[in-house]
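# Per-entry structural report
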Amino acid sequence: MYNLSNLEPKFKNFLHAENISSVSLRNYLSDIRHFLGWCVTNSDFNKNGNLEENISSISPEVIESYKNQHIKSSLPIKTINRRLSALRKFFLFCQKEDLIRENPGRKVANISLTRNELKPKIIQNHSIKNEEKEQEIKPLSIAKVGFSFRTIKTAFIVALLIS
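Residues numbered from 1 in each chain as written. Predicted model: local features only at pLDDT ≥ 70, side-chain atom pairs only at ≥ 80, totals over all residues. Heavy atoms only, no water.

Between its first and last C-alpha, helix α4 (residues 60-72) extends 18 Å over 13 residues, near the 18 Å set by a 1.5 Å rise per residue. Within α4, the full set of buried residues consists of Val62, Ile63, Tyr66, Lys67 and His70. The buried residues of α4 occupy an angular sector of 140° when projected down its axis, which confines them to one face. In α4, the exposed positions angled more than 90 degrees off the buried face are occupied by Glu61 and Lys72. (Helix = DSSP H or I, 4+ residues; strand = E, 2+ residues; numbered from the N terminus. Expected span 1.5 Å × (residues − 1). Buried < 20%, exposed > 50% of the residue type's maximum accessible area, 1.4 Å probe, protein only. Arc of directions from axis to C-beta.)

Here is the structure:
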């Protein structure tokens, strides 16, 4: 029977066999611990059940809910995508250990880094009369959603040009 204390070392060995870098390995293990803790606090796990039953009960909808909570909390998109990759790798491991039949993580897509709704809007309802109402550009908030330095620099230059 599996529990977290004996499942994690086996998952770590699995990651070593997959030639995962030491940084990715550390992050993946942390991401899996985070996800399992999230499941416990969000009542997706049967606290009295064993780990095998709980893992097999995780559906793509649970993972989608986890992803959506991260989006709402403004976690950087690259971090969310890494956590989703860690889950896919973890559930692949669980498949190979015969804990589950299908990988629920494969049905949850990463967030596109070029989604239109995440692009910063620099000019909104710009008029000469309402300059004080013009939205202020906040480079830190742009950086949080995973934009490159070049995109942030371009946004800053455009803001300077229109002011």
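Structurally, Arg83 can be placed in helix α5 (residues 77-96). When sequence neighbours within four positions are dropped, the list of residues in contact with Arg83 reads Asp31, His34, Tyr66, His70 and Leu75. (Contact = heavy atoms within 4.5 Å.)

Another aspect to go through is the packing of helix α2 (residues 22-41) against α5. A pair of packed helices can be characterised by two numbers: the angle between their axes and the separation between those axes. Packing of α2 against α5 brings their axes to within 9 Å, and their N-to-C directions diverge by 85°. Relative to α5, α2 is oriented roughly perpendicular. Across from Asn27, Tyr28, Asp31, Ile32, His34 and Phe35 in α2, the residues of α5 making contact are Arg82, Arg83, Ser85, Ala86, Leu87, Lys89, Phe90 and Phe91. Here the contact of α2 with α5 is built from residues that sort into seven nonpolar, three polar and four charged. (Axes fitted to C-alpha atoms, helices over the stretch in contact; angles between N-to-C directions. Parallel < 35°, antiparallel > 145°, perpendicular 65-115°, else oblique. Nonpolar A, V, L, I, M, F, W, Y, C, P; charged D, E, K, R; others polar.)

Per the stated rule, a full pass over the model turns up six salt bridges. Across the salt bridge formed by Lys67 and Glu64, the nearest N and O atoms sit 3.5 Å from each other. Taken as a pair, Lys67 and Glu64 lie in helix α4 at a separation of three residues, close to a single helical turn. Between Lys107 and Glu102 there is a salt bridge, and its shortest N-O distance comes to 3.2 Å. Under the relative-accessibility criterion, Lys107 is labelled exposed at 56%. Residue classification places Glu102 among the exposed residues on the basis of a relative accessible area of 53%. Each of the salt bridges in this network shares a partner with another, and the network as a whole consists of Asp31, Arg82 and Arg83. (Salt bridge = Lys/Arg side-chain N within 4 Å of Asp/Glu carboxyl O.)

Take Ser57: it is sitting in the loop between α3 (51-56) and α4. As a C-alpha pair, Ser57 and Asn46 span 11 residues in sequence and 9.3 Å in three-dimensional space.

The next thing to look at is α5. The end-to-end C-alpha separation of α5 is 29 Å, in line with the 28 Å expected for 20 residues at 1.5 Å each. Counting buried residues along α5, 14 of its 20 residues qualify, which places the element largely inside the surrounding structure. Residue Asp98 follows α5 closely and has a positive phi angle near 60°.

Attention shifts here to the nonpolar core. Membership of the largest hydrophobic core comes to 32 residues, with the highest contact counts inside it found for Phe11, Phe35, Ile55, Ile58, Ile63, Phe90 and Phe91. When contributions to this core are tallied by element, the ones reaching two or more residues are α1 (4-17), α2, α3, α4 and α5. If one sorts the elements of this core by residue count, α5 sits on top with nine residues. (Core = buried A, V, L, I, M, F, W, Y, C linked by side-chain atoms within 4.5 Å.)

Here we come to unusual backbone geometry. A positive phi angle, close to 60°, is found at Asn19, a residue other than glycine. Mapped onto the fold, Asn19 is located in the loop between α1 and α2. Take Asn19: its relative accessible area is 70%, and that puts it in the exposed class.

Such coordinate-based values are descriptive only and should not be taken to indicate function.
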